[in-house]
Amino acid sequence: MNHKLKLDGNIDNHMQHHRIRIPIKPIYRDDILANNVEKFIYSLPGIVHAKANPITAKILVIYDAQKLSTYIIKTKVNIFIKSYTEKKTTGNRAMDMQTFKTEFAALPLPSVEISKNDISTPYHALDTLQIEKQFATNSAFGLSWPAAAQKLTYAGLNVISENTRQSILSIFVNSFKEFTVKMLLGLSSISMLLGQIPEAVAILGIVLIQTTLSSIQQYKSQHSLYGLKKLMVDKATVIRGKSTHQIESKYLVPGDIALLEAGDKVPADVRIIDCTNLKVNESSFTGETFADKKHHQKCPIQTELANRHNMLYMGSTILEGRAKTIVVQTGTQTEMGTIAGMLQNITLTPTPLENKVAMLTKKMAKICLALCIPFSIGGVFLGKNFIHILTTAVGFSLGALPESLPAVMNTSIAMGVHRASKQNIIVRNTQALEALGCASVICCDKTGTLTSNEMTVKYAYVNGQYYHLTGTGYAPTGNVYCMNAAHHNVSDINKLLEIGAICNNACFAQDNGNWTVQGDPTEGALLTAAYKAGVDVANLQKNTNRLKEIPFNSDNRYMTVVTKNSHGYSAYCKGSLDTIIDKCTTIYTDGDEYFFTQIDRQRIRSEGEQLAAKGLRVLALAYKHPTHPENIDNNYVFLGLVAMKDPPRLEVKRSIAKCNKAGIKIIMITGDHPQTASAIAKNVGILTDGQLLCGNELHAMTDAALDARIDDIAVFARTSPKQKHRIVSALKKAGHVVVMTGDGVNDAIAMKEADVGIAMGNIGSDIAKDVADITLVDDNFKNIVRAIEEGRAISANIKNTMRYLLSGNLAEMLLLGFSALLTKRLPLLAIHILWVNAICETVMGVPIAIHPPAKNVLESLPVCKDTPLLDKSLKADIFKKGLSISAATFGVYYTALRLHMGIPKARTMTFAALVATQLVNAHNCYTKKKKKFSKYMHLAASISFGMLVLILYNPLLNVLFKTMPLRVFDWALLSYAAALVRGNTF
């Protein structure tokens, strides 16, 4: 059976087969023990596959989740290992396996009785008694110290391990295994044997520079877990042996009773046993903006990860309240550990450009070798000596290989990176910028990427009238106006927003001119709305004598504040619409209070549903004036509604339209509610004719079904980190070059899997920035479009650079071939060819490579990643230019010979002619319009020509390059050859 299990933790949707890797140190380099462990695991009921690797000291197990659990497998395997090694030390190493299994069956296992229901049911769907029974613990007394120690032996430390990274030295050594590098080293060795020391040293220098730069880039791209490790906790408070202790979190084990309070980070994956007013920030993990309210009641089995309100996950932060929890997963088995494992198992693939250049260079090298062989054989039959044949082969090979291509390409990318940095785009992996030019899909997280990650009140409803609030974010700037101007009543809207400000615990802060909220984002939005309406919030809160507060929690779904002034007591309440309506008996209308009829209730509910359909979060507000501060449960006066949202960034809609015009599809992948995701996606132009898919639906789909629908889906809602990774993988399988943007740990796996990962630099987590190829400093989505423009400009520049360099290389090969056949002498020395390729072509190629993006660069479709660098039209152009240059240059060489100038002078003339014609060729390849040349092109031409003059007229360089000064007639002949090349531009 072919189980589609690519990474740890993936599940086949039909068979419920789970996959785990168990680290077992004793099997390291012990083939016998590894084989016995395999046999033992296969003997357990429900095992589908087991494979022990004595090199990595890990055991891969695929099992039926209806019959076994991870806990049982780990327990039995570790006890088996312990018992087996004890037997081995007593001299019974060769004991029959069947006998050992029989003895093992009699060994006492931990007192854990797990029913079939407990094994197959996830922790959020079990009640606390079932979980206590499963982990052999007690919520009041906790684990005993001996029991915790025993569990630690098979559960392992509560840490996230990291694979050993390659050293920069090993990367550098491995880079010499590439075909073209080997070929250049071979040419350097031959040149050394032939006594061509300058040529040999020059070739070796080129190789060292290229491999060093490549090694440094690969080494920088290895980091993946640094940000995740920063989320781990050093200390944890637990109940052990009937008393409370603070221990190092790495010693936590499943079954520990962990105590958490405001300000704590969650040290492992835990199930809530009991909690009070618990609010948790899981935004970096789930992608949600809001502070999650938690409770201890069990959830339905199909509940998505983001909605499991009785679970807390490693790395989350407790904002308010306190909780007693039971540890259910530690270390690599936690959700955070799973992310870490997936990050380490993702293989980084080369960018489209890297693949194309590697294939092209390898192909050219093979063609070069294929042509060298017949030339060498021909030389033997013509009676040439071996040294002459080798010299010809070296020259021919150097002429075929574009040595300057890597340098010019890196310069092109480096200039694109420099231009991007001026737009607040920080490029960590330089090759990724070019890959953006081929991007066909951008997968966006919603919160903080498409939206501003700042709650904003957009509408208020009071006394039958809607009020619209302008402005975005927490800055208290904007206006409030009634959508029916004839009914505008300042006292109504102010009364509503004053209650929102009083029933509130948030406050504002300014950081470098930016307004931020300290506290619940929803309450921050209410404060901002009050400021916009002209309410003196500071004075209001200062003069409010608060007597009592009932904080919001997931059970009561409302918050109440009781105050007292000279007129008596007041109670203000805000919360969910259904909850507040049920607490009200009267309604505020036209400055008075009337009986709250069923018609009124239906009307208010209808208004709330309409607001929610727009993707807005709706809160209801009410008040009462009780005679006693304890009489605050019911009989409130319904006042109105406020509707808020995390608004799209101002520039997003226009940027998405640009992407659509450029043939780039935008897909939203979010952990948010489908209704909210749909509203935002429609607003910004993502969800037009595409489909929306929820996490539950995605979980039920096979990989084949997802592959069939992937191009039709525009929005994925309520997704988990694993599902985001699965979506990106499906898009890549469909042939797309995928860009993934995000800001949280929940996005990290998908960002690393994508061809290009883009992190938000302002609100992004450390792990998101660590795995990303590109970081947007100001979180501005339109900068993604600018980065794509730079990527496409790089692709276009590289194509023009290829036209220039390869036509020159072809010209050199044809020149050498013509000369070998017609004159039986080489027109150029190896050092001449090397100087033209490595120096002259590099200097002249740079202006072509750094051309800025054209204005219409996004008006064409992206280049398919499988499209070769050399298409038919480019090949034809290269051939025409190469033929033109070689003919003109050979004409100079042949003329010099016919005029009896001598071989040294003829070679000098040929060398100068090749440089001159390449200067003309660079201008021809610079732009299709062939009209405007930048100052860089003129500067490069001046530098190249100046260096040529030095080589021709400096005595020391004459000796090194074996050249001689030219006269006026010689320059006239060179000018004529250059003019021919210029006139034969195709």
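So, a few notes on the structure that sits alongside this text. Remember, predicted model here, so these are calculated numbers, not experimental data.

## Some words on the packing of aromatic side chains
And then number 1: Under the counting rule described, the total for this entry stands at nine aromatic pairs.
And then number 2: Centre to centre, the rings of Tyr123 and Phe135 are 5.7 Å apart; their planes meet at 35°, and the pair counts as tilted. A residue pair is termed long-range when its members are at least 10 positions apart, and Tyr123 in the loop between helix 4 (116-120) and helix 5 (128-134) and Phe135 in the loop between helix 5 and helix 6 (145-155) qualify at 12 residues.
And then number 3: With a centroid separation of 6.4 Å and an interplanar angle of 55°, the aromatic rings of Phe890 and Tyr893 are classed as tilted. Within this pair, Phe890 and its partner Tyr893 are both found in helix 32 (residues 872-898), separated by three residues, close to a single helical turn. The exposure classification of Phe890 matches that of Tyr893, with both residues buried.
And then number 4: Among the aromatic residues, those joined into a ring-pair cluster are Trp835, Phe911 and Phe961.
And then number 5: Geometry around Tyr623 places Lys495 over its ring, the cationic atom sitting 4.6 Å from the centre.
And then number 6: For the cation-ring pair, Lys614 lies above Tyr459, with the distance from its terminal atom to the ring centre recorded as 5.2 Å.

## Here's the deal with a nonpolar patch on the surface
And then number 1: A grouping of Phe818, Leu822, Phe879 and Leu883 is seen on the molecular surface, where their side chains present a nonpolar patch of about 380 Å² in accessible area.
And then number 2: Those elements that place two or more of their residues in the nonpolar patch are helix 30 (782-822) and helix 32.
And then number 3: Positionally, Phe879 belongs in helix 32.
And then number 4: Given a relative accessible area of 46%, Phe879 falls into the partly exposed group.

## Quick notes on unusual backbone geometry
And then number 1: With a phi angle near 60°, Asn635 is a residue other than glycine that sits in the positive phi range.
And then number 2: Along the polypeptide, Asn635 turns up in the loop between strand 23 (617-624) and strand 24 (636-645).
And then number 3: Even without being a glycine, Arg718 presents a positive backbone phi close to 55°.
And then number 4: Along the chain, Arg718 falls in the loop between strand 27 (713-717) and helix 27 (721-733).
And then number 5: By relative accessible area, Arg718 is classed as buried at 10%.

## What about the sheet that holds strand 28 (residues 738-742)?
And then number 1: One open sheet holds the eight strands; their spatial order is 11-30-29-28-12-25-27-26, and the pairing between them is mixed. Lying at the two open borders of the sheet, with one neighbouring strand each, are strand 11 (425-427) and strand 26 (691-694). Ignoring which end each strand starts from, the neighbouring axes of this sheet average 20° apart.
And then number 2: Of the pairings in the sheet, the one linking strand 25 (residues 665-669) to strand 27 comprises two bridges and is parallel in character. Considered in strand 27, the bridge of Ile669 is made with Phe716.
And then number 3: Against the sheet, helix 27 engages strand 12 (441-444), strand 25, strand 27 and strand 28, with an angle of about 160° to strand 28.

## A look at the environment of Asn800
And then number 1: By secondary structure assignment, the location of Asn800 is in helix 30.
And then number 2: Separated by 74 residues in the primary sequence, Asn800 and Leu874 place their C-alpha atoms 9.1 Å from one another.
And then number 3: Apart from the residues within four sequence positions on either side, Asn800 is in contact with Ile848, Cys925 and Tyr926.
And then number 4: In terms of polar contacts, Asn800 uses its side chain to reach the side chain of Arg803, at 2.5 Å.

## Some remarks on the pattern of salt bridges
And then number 1: Counted according to the given criterion, the structure contains 16 salt bridges.
And then number 2: Glu630 is paired through a salt bridge with Lys548; the nearest N and O atoms lie 2.9 Å apart. Linking Glu630 in the loop between strand 23 and strand 24 with Lys548 in strand 18 (residues 546-550), this pair joins segments that are 82 residues apart in sequence.
And then number 3: Looking at Glu630, the relative accessible area reads 48%, which means it is partly exposed.
And then number 4: With relative accessibility at 27%, the residue Lys548 sits in the partly exposed group.
And then number 5: Where Asp970 meets Lys905, a salt bridge forms, and the shortest distance between an N and an O atom there is 3.0 Å.

## A closer look at the packing of helix 33 (residues 903-926) against helix 36 (residues 968-983)
A pair of packed helices is captured by two measures, namely the crossing angle of their axes and the spacing between those axes.
And then number 1: Across the interface, helix 33 lies against helix 36 with an axial gap of 9 Å and an inter-helix angle of 35°. The two elements helix 33 and helix 36 cross, and the hand of that crossing is right-handed. Along its contact with helix 33, which presents Lys905, Met909, Ala912, Ala913, Ala916, Thr917, Val920 and Asn924, the element helix 36 presents Asp970, Leu973, Leu974, Ala977, Ala978, Val981 and Arg982.
And then number 2: Partitioned by chemical class, the residues of the contact of helix 33 with helix 36 number 10 nonpolar, two polar and three charged.

## Re helix 34 (residues 935-953)
And then number 1: With 19 residues, helix 34 should reach 27 Å at 1.5 Å per residue; the first-to-last C-alpha distance of 27 Å fits that figure.
And then number 2: Among all positions in helix 34, only Met937, Ala940, Ala941, Ser944, Leu948, Ile951 and Leu952 are buried. For helix 34, the arc enclosing every buried residue in end-on projection is 105°, short of the 170-degree limit, so these residues lie on one face. More than 90 degrees from the buried face of helix 34, the exposed residues found are Lys935 and Leu939.

Criteria and cut-off values
- Residues numbered from 1 in each chain as written.
- Predicted model: local features only at pLDDT ≥ 70, side-chain atom pairs only at ≥ 80, totals over all residues.
- Heavy atoms only, no water.
- Phe/Tyr/Trp six-rings, centres within 6.5 Å; stacked < 30°, edge-to-face > 60°.
- Helix = DSSP H or I, 4+ residues; strand = E, 2+ residues; numbered from the N terminus.
- Buried < 20%, exposed > 50% of the residue type's maximum accessible area, 1.4 Å probe, protein only.
- Lys NZ or Arg CZ within 6 Å of the ring centre and 35° of its normal.
- Patch = residues over 30% accessible without salt bridge, like charges linked within 9 Å, V, L, I, M, F, W, Y side chains within 5 Å.
- Areas by Shrake-Rupley, 256 points an atom, 1.4 Å probe, with all protein chains shown as cover.
- Salt bridge = Lys/Arg side-chain N within 4 Å of Asp/Glu carboxyl O.
- Pairing = 2+ DSSP bridges.
- Axes fitted to C-alpha atoms, helices over the stretch in contact; angles between N-to-C directions.
- Contact = heavy atoms within 4.5 Å.
- Polar contact = N/O pair within 3.5 Å; in protein donor to acceptor, adjacent residues only side chain to side chain.
- Left-handed = near helix turned anticlockwise from the far one by under 90°.
- Nonpolar A, V, L, I, M, F, W, Y, C, P; charged D, E, K, R; others polar.
- Expected span 1.5 Å × (residues − 1).
- Arc of directions from axis to C-beta.

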